[in-house]
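# Chains, contacts and geometry: an overview
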Amino acid sequence: MPDQRKKLVEVQDLTVQFGSRRHPFTAVDHASFHIYQGETFGLVGESGSGKTTIGRAIIRIHPTASGKVLFDGKQINGPISRELDREVTRRIQMIFQDPMSSLNERAKVDYIVSEGLYAPGRKISEAQRREMVDKALCDVGLLPEFASRFPHEFSGGQRQRIGIARALIMEPDFIIADEPISALDVSIRAQVLNLLSQLQKERGLTYLFIAHDLSVVRFICDRIAVIHKGKIVELAESEELFAHPLHPYTRALLSAIPQPDPIAERNKKLLVYDPACHRYSETNRPGWEEILPGHFVLASREELEEYRELL
Ligand SMILES: Nc1ncnc2c1ncn2[C@@H]1O[C@H](COP(=O)(O)OP(=O)(O)OP(=O)(O)O)[C@@H](O)[C@H]1O
Ligand SMILES: [Mg+2]
């Protein structure tokens, strides 16, 4: 049966580089994936693997060296029309990791939440703006009177809610949540996750959820991509990835997840990923292979044979 799901975001062979032209540093190396409308897509990898860079390339903060980003069928990386830029600026929003540093300390919540509405071309009356701020604050479980306060008056969880309100006020279709709960107390994390999932249900939002460990994304993501040093090494539906992790880096990440059983936890072996294990050469190069429908892995032919045995 043909796949009827709409691809809201398509990242095709995307490369992002920093540094000078002479000495470029490749932060994202030929990454490809797509995100279906309404799904939560997880992007997982260790610090410095390029997760935020992918998010920022999609939202047009970082220029791309090659490849394409399509949003709702239209290419949005590289030069685009002013009209499309406005559309994308509204429809794609980002939520950040650290609610302590991502909010402007000197601005009141009222301004922080509605900043995006001041974009050129949007004519909104003061009364309308205030109404929208009140609504956005209510939508994330905060009181409208918080609008006149400053960010430092809030707890971490409340600040993250302010960050979410700031995104929601734009009525986006797609939200890039960059480690939205990593900096929060464990007790607050579930609340923020529940809020995100409730908002998704109510508004049909699509999420790119960035995290550095697999345990967080397991239950909230439909599909997960694992990234290592700028390269996506494996991508599958969440359950499939946990049932059949193939790439040694994915397996190492999985081995790091804490287990509820203390005896199992004490006896478990942490796997360490050594990129030298691949023995790649001119004749034994890795490719992006679909080993099962929807399950992709970066593997050489030899590795593919080994991985098939594991399925
Ligand atoms: N603006 C920049 N200029 C130069 N190098 C950068 C820039 N932003 C990121 N990098 C580099 O690109 C690589 C990927 O960084 P990125 O922030 O995307 O990683 P990450 O996976 O989000 O890590 P973390 O989990 O720590 O947030 C890193 O080596 C980083 O140092
Ligand atoms: Mg990051």
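Residues numbered from 1 in each chain as written. Chains lettered and ligands numbered in written order. Predicted model: local features only at pLDDT ≥ 70, side-chain atom pairs only at ≥ 80, totals over all residues. Heavy atoms only, no water.

### So, the domain arrangement of the protein
Each assigned domain of the protein is listed with its residue range as follows: domain 1 (7–229) and domain 2 (243–311). The gap between the C-alpha centroids of domain 1 and domain 2 is 29 Å. On the domain 2 side, the residues contacting the ten residues of domain 1 number eight residues. Buried area between domain 1 and domain 2, summed over both chains or domains, comes out near 700 Å², and the portion from carbon and sulfur atoms is 76%. Of all residues in domain 1, L214, V226 and H228 bury the most surface against domain 2, accounting for 61% of the area lost on that side. Viewed at the interface, domain 2 and domain 1 are joined by zero salt bridges. The interface formed by domain 1 and domain 2 contains one residue pair in polar contact (both at pLDDT 80 or more). Of all the elements in the fold, those that place two or more residues in the side of domain 1 that touches domain 2 are α7 (214–218) and β9 (223–228). Among the elements that line the side of domain 1 that touches domain 2, the one with the most residues is β9, at three residues. Of the residues in the side of domain 1 that touches domain 2, the class split is four nonpolar, five polar and one charged. (Domains from an automatic or database assignment. Contact = heavy atoms within 4.5 Å. Buried area = accessible area lost by both parts, 1.4 Å probe. Salt bridge = Lys/Arg side-chain N within 4 Å of Asp/Glu carboxyl O. Polar contact = N/O pair within 3.5 Å; in protein donor to acceptor, adjacent residues only side chain to side chain. Helix = DSSP H or I, 4+ residues; strand = E, 2+ residues; numbered from the N terminus. Nonpolar A, V, L, I, M, F, W, Y, C, P; charged D, E, K, R; others polar.)

### Quick notes on the site of ligand 1
Taken together, F18, F25, A27, E46, S47, G48, S49, G50, K51, T52, T53 and E179 form the complete shell of residues around ligand 1. Side-chain polar atom of T52 to an oxygen atom of ligand 1: 2.7 Å apart, as the coordinates give it. T53 places a side-chain nitrogen or oxygen 2.4 Å from an oxygen atom of ligand 1. Look at ligand 1: alone it shows 630 Å² of surface, and the protein chains cover 61% of it. For the shell around ligand 1, the elements supplying multiple residues, two or more each, are β2 (24–36) and α1 (51–58). Residue contributions to the shell around ligand 1 peak at three residues, all from α1. Tallied by class, residues from the shell around ligand 1 come to three nonpolar, six polar and three charged. (Near = heavy atom within 4 Å. Areas by Shrake-Rupley, 256 points an atom, 1.4 Å probe, with all protein chains shown as cover.)

### Examining the packing of aromatic side chains
Under the counting rule described, the total for this entry stands at six aromatic pairs. Note on F71 and F174: the rings are 6.3 Å apart at their centroids and 35 degrees apart in plane angle, and the pair reads as tilted. With F71 in strand β4 (residues 66–71) and F174 in strand β7 (residues 174–178), this residue pair connects regions lying 103 residues apart in the sequence. Classification of F71 by relative accessible area gives buried; the value is 3%. Ring plane angle 55 degrees and centroid distance 5.4 Å describe the contact between Y249 and Y273, whose orientation is recorded as tilted. Pair noted here: Y249 is in helix α9 (residues 248–255) and Y273 is in the loop between α10 (262–267) and β11 (287–292), with a separation of 24 residues, a long-range link. Accessibility classification places Y249 together with Y273 in one group, the buried group. Positioned above the aromatic ring of Y36, the side-chain terminus of R5 is 3.8 Å from the ring centre. (Phe/Tyr/Trp six-rings, centres within 6.5 Å; stacked < 30°, edge-to-face > 60°. Buried < 20%, exposed > 50% of the residue type's maximum accessible area, 1.4 Å probe, protein only. Lys NZ or Arg CZ within 6 Å of the ring centre and 35° of its normal.)

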